[in-house]
Amino acid sequence: MDPTPILQIERLAVEYHTGRTVVRAVDQIDLTLNRGEILGLVGESGCGKTTLGHALLRMIEKPHRIVGGRIWFDNLGEVLEMNKASLSRYRWEHIAYVFQSAQNALNPLLTVRQQARLVIQAHPGGKYRDPDQRMTELLRMVNLDPRRVLTAYPHELSGGMKQRVGVALALMLDPEVIVLDEPTTALDVVSQATILEILRDVHQRLNTTMMFITHDMAVVAELADRVAVMYAGRIVELGSVDAVFYTARHPYTQALMAAVPSLDGRPGGLRAIQGHPPDLRQLPPGCRFQDRCPLAVEACRVREPLPVPVGDGHEAACLRLDEPPLKEVNQ
Ligand SMILES: Nc1ncnc2c1ncn2[C@@H]1O[C@H](COP(=O)(O)OP(=O)(O)O)[C@@H](O)[C@H]1O
Ligand SMILES: [Mg+2]
């Protein structure tokens, strides 16, 4: 079956303005989310993943702003042109966000039931009338006991439980899309595995389209259908999980892969990527990965690489795509 786009991002650019400095954290991003898929958005810390996620819900607050591009959502149209009323329906009813620190995103003064009621109250036109009943159903779906959790305050729940409550709240109004920002990052390994299992289960039952933000390639491999690799505000590689994992073409993706422990069965293969992402306030001309790239040549310091197709639905933005993959070179 051909994929049907539900959310299309074109040439999106987001800037942070602090004092006299401007940081363009998301730059010229083109990306499509297909209905029912799980897209993993991966990259080191500071690459702009959260900024991109926030921009999809127009959660960029002044003085920071979306400075260019378009976001189309299914038959709702252009998100960046929505008025206040449409925007507040769009959020929660069509797209919901599970925050990076979902654990701290819950209001500490409210019980889980009270938070669920607030969501429904803020959306009187939504399809659910009875918040307690809806939240009970969702808590069961995320494997929590509603009798215990509904009346609990956040501090009475473990980190993993709070993360699951965050997922349940995001699902309150049955949105078509949810954005999950590093949902496994702050958790111990066992809770991480539980969350992944729950997300897989929720996805199977509801067919919710998910954008899953993480810096952890191994998590992407477990959950996602497709992967977008982000570096310094740009998407440098995009493709199916298989394509990106087995035939990574961008040297940055290859480096991320080499840093994943034991994905290919090698014990203790963990290797950090040398160096740091560039300072977004003063980017060099040419490729943003040039200073860390073992394949960089003179042209990479001059020309900016654009995404080019390298396989079926697989693209990469690198001038040196004809070089042999680094995996072998680096061993
Ligand atoms: N509120 C903010 N004000 C100024 N700069 C910000 C703000 N939030 C993020 N940034 C900058 O934008 C860049 C991308 O950040 P972010 O989107 O959080 O990346 P990621 O989620 O990939 O770690 C970073 O350089 C970060 O310092
Ligand atoms: Mg982030």
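Residue positions are given per chain, counted from 1 along the sequence in the order it is written. For this description, chains carry letters from A and ligands carry numbers from 1, given in the order in which they are written. Reporting in this predicted model follows two pLDDT cut-offs: at least 70 for local features of residues, and 80 or more for side-chain atom pairs to be given and counted; totals over whole chains, interfaces and linings ignore these cut-offs and use all residues. Remark: hydrogens and water are excluded; side-chain values derive from all non-hydrogen atoms of the structure.

I'm lost on the overall build of the protein chain in this one. Help?
Every helix listed is a DSSP run of H or I at least four residues long, and every strand listed is a run of E at least two residues long, numbered separately from the N terminus. Along the protein chain, the regular secondary structure elements total twelve helices and twelve strands. Values of the radius of gyration come from C-alpha atoms, whereas the globule rule sets the reference at 2.2 Å times the count of residues to the power 0.38. The C-alpha radius of gyration of the protein chain comes to 20 Å, within 12% of the 20 Å expected for a compact globule of 331 residues. Projected onto the principal axes, the alpha-carbon positions of the protein chain cover approximately 60 × 45 × 45 Å. Relative accessibility thresholds used throughout: buried, under 20% of the residue-type maximum; exposed, over 50%; partly exposed, between the two (1.4 Å probe, protein chains only). Split into buried and exposed, the 331 residues of the protein chain put 52% on the buried side. By the convention used here, residues are in contact when the closest approach between their heavy atoms is within 4.5 Å. In the protein chain, of all internal contacts separated by at least 6 residues, the share reaching a separation of at least 24 is 65%. Element-wise, carbon and sulfur atoms account for 50% of the exposed surface of the protein chain, whose accessible area totals about 16100 Å². Reported accessibility uses the Shrake-Rupley method at a 1.4 Å probe radius. Residues are deemed covered only where the shown protein chains occlude them.

Looking at this structure, how should I read the coordination of the magnesium ion (ligand 2)?
The protein atoms that coordinate the magnesium ion (ligand 2) are Thr-50 (OG1) and Gln-100 (OE1), at distances of 2.0 to 2.6 Å. One end of the pair, Thr-50, is in helix α1 (residues 49-56); the other, Gln-100, is in the loop between β6 (95-98) and α3 (102-105), and 50 residues separate them in sequence. Each metal site lists N, O and S donors within 2.8 Å (3.2 Å for Na, K and Ca). With water left out of the atoms, a site can look as if it is missing ligands.

What's the story with unusual backbone geometry in this structure? I'm lost.
Glycine aside, negative phi is the norm for most residues, and most peptide bonds take the trans geometry. Of the consecutive residues Lys-62 and Pro-63, the connecting peptide bond is found in the cis state with omega at 5°. You can see Pro-63 is positioned in the loop between α1 and β4 (65-73). Within the chain, Trp-92 stands out as a residue other than glycine whose phi angle is a positive 80°. Note on placement: Trp-92 falls in helix α2 (residues 84-94).

Hey, could you run me through the nonpolar core in this one?
One recurring pattern in soluble globular proteins: nonpolar side chains tend to sit buried together. We define the nonpolar core as a collection of buried residues of types Ala, Val, Leu, Ile, Met, Phe, Trp, Tyr and Cys that are connected through side-chain atoms lying within 4.5 Å of one another. Formed by 100 residues in total, the largest nonpolar core has its most connected members in Leu-7, Leu-52, Met-135 and Val-165. With sequence-adjacent residues up to four places away left out, Leu-52 is seen in contact with Ile-9, Leu-12, Val-26, Ile-29, Leu-31, Leu-41, Met-211 and Met-230.

Explain the sheet that holds β4 here, please?
Backbone-to-backbone hydrogen bonds pair the strands of a sheet. The strands run either parallel or antiparallel. Strand order in the open sheet formed by four strands is β2-β1-β4-β5, and the pairing between neighbours is antiparallel. What marks the edges here is a single partner per strand, and that holds for β2 (21-34) and β5 (77-78). When DSSP finds two or more bridges between two strands, those strands count as paired. Here seven bridges tie strand β1 (residues 5-18) to β4, and the two strands are oriented antiparallel to one another. Bridge pairing in β4 places Glu-15 opposite Arg-65.

Could you clarify how one ought to interpret the side chain of Thr-209 in this entry?
Of note, Thr-209 is situated in strand β8 (residues 209-214). Definition of a polar contact: a pair of N or O atoms within 3.5 Å, with one able to donate and the other able to accept a hydrogen when the atoms are protein atoms, and with sequence-neighbouring residues admitted only if both atoms are side-chain atoms. Within the structure, Thr-209 has its side chain in polar contact with the backbone nitrogen of Gly-36 (distance 2.8 Å). Contact partners of Thr-209, with chain neighbours within four places excluded, come to Ile-6, Leu-33, Asn-34, Arg-35, Gly-36, Glu-37, Glu-176, Val-177 and Ile-178.

Can you walk me through the pattern of salt bridges in this structure?
The working definition used for a salt bridge is a side-chain nitrogen of Lys or Arg within 4 Å of a carboxyl oxygen of Asp or Glu. By the definition in use, this model includes 18 salt bridges. Among the ionic pairs, Arg-35 bridges to Asp-74, the shortest N-O distance being 2.8 Å. Placement of Arg-35 in the loop between β2 and β3 (38-42) and of Asp-74 in the loop between β4 and β5 is noted, with a sequence separation of 39 residues between them. Residues joined in a network through salt bridges with shared partners are Glu-15, Arg-24, Asp-27, Arg-234, Arg-288 and Glu-304.

Please clarify how helix α11 (residues 251-258) should be interpreted in this entry.
A turn of α-helix holds 3.6 residues, and therefore any two residues three or four places apart point the same way. In terms of burial, α11 is a largely internal element, eight of the eight residues being buried. Of the residues making up α11, those classed as buried are Pro-251, Tyr-252, Thr-253, Gln-254, Ala-255, Leu-256, Met-257 and Ala-258.

Help me understand the sheet that holds strand β7 (residues 177-181) in this model?
As summarised here, the arrangement of the eight strands in space is β6-β7-β8-β3-β9-β10-β12-β11, forming an open sheet in which the pairing is mixed. Edge positions in the sheet fall to β6 and β11 (308-311), since each of these pairs with one other strand and no more. Strand-to-strand, the axes of this sheet are offset by a mean angle of 20°, without reference to chain direction. Note: strand β10 (residues 234-240) against strand β12 (residues 314-316), two bridges, orientation antiparallel. Bridge assignment links Glu-237 to a residue of β12, and that residue is Ala-316. For helices, the fitted line uses only the C-alpha atoms of the stretch in contact; every axis is such a line through C-alpha atoms, and the angle between N-to-C directions lies from 0 to 180 degrees. Relative to β8, α1 is tilted by about 150°, and along the sheet it contacts β3, β6, β7, β8 and β9 (226-231). Contacts from helix α8 (residues 189-206) reach β3, β7 and β8 within the one sheet, and its direction differs from that of β8 by about 160°.

Honestly, the site of ligand 1 in this entry has me stumped. Any pointers?
Distances are taken per atom, and a residue is near a molecule or strand as soon as one of its heavy atoms is within 4 Å of it. Neighbouring ligand 1 are Tyr-16, Ala-25, Glu-44, Ser-45, Gly-46, Cys-47, Gly-48, Lys-49, Thr-50, Thr-51, His-64 and Leu-280. Separating an oxygen atom of ligand 1 from a side-chain N or O atom of Thr-51 is a distance of 2.4 Å. Contact with the protein chains covers 65% of the free accessible surface of ligand 1, which is 560 Å². Considering each element in turn, the shell around ligand 1 owes the most residues, three residues, to α1.

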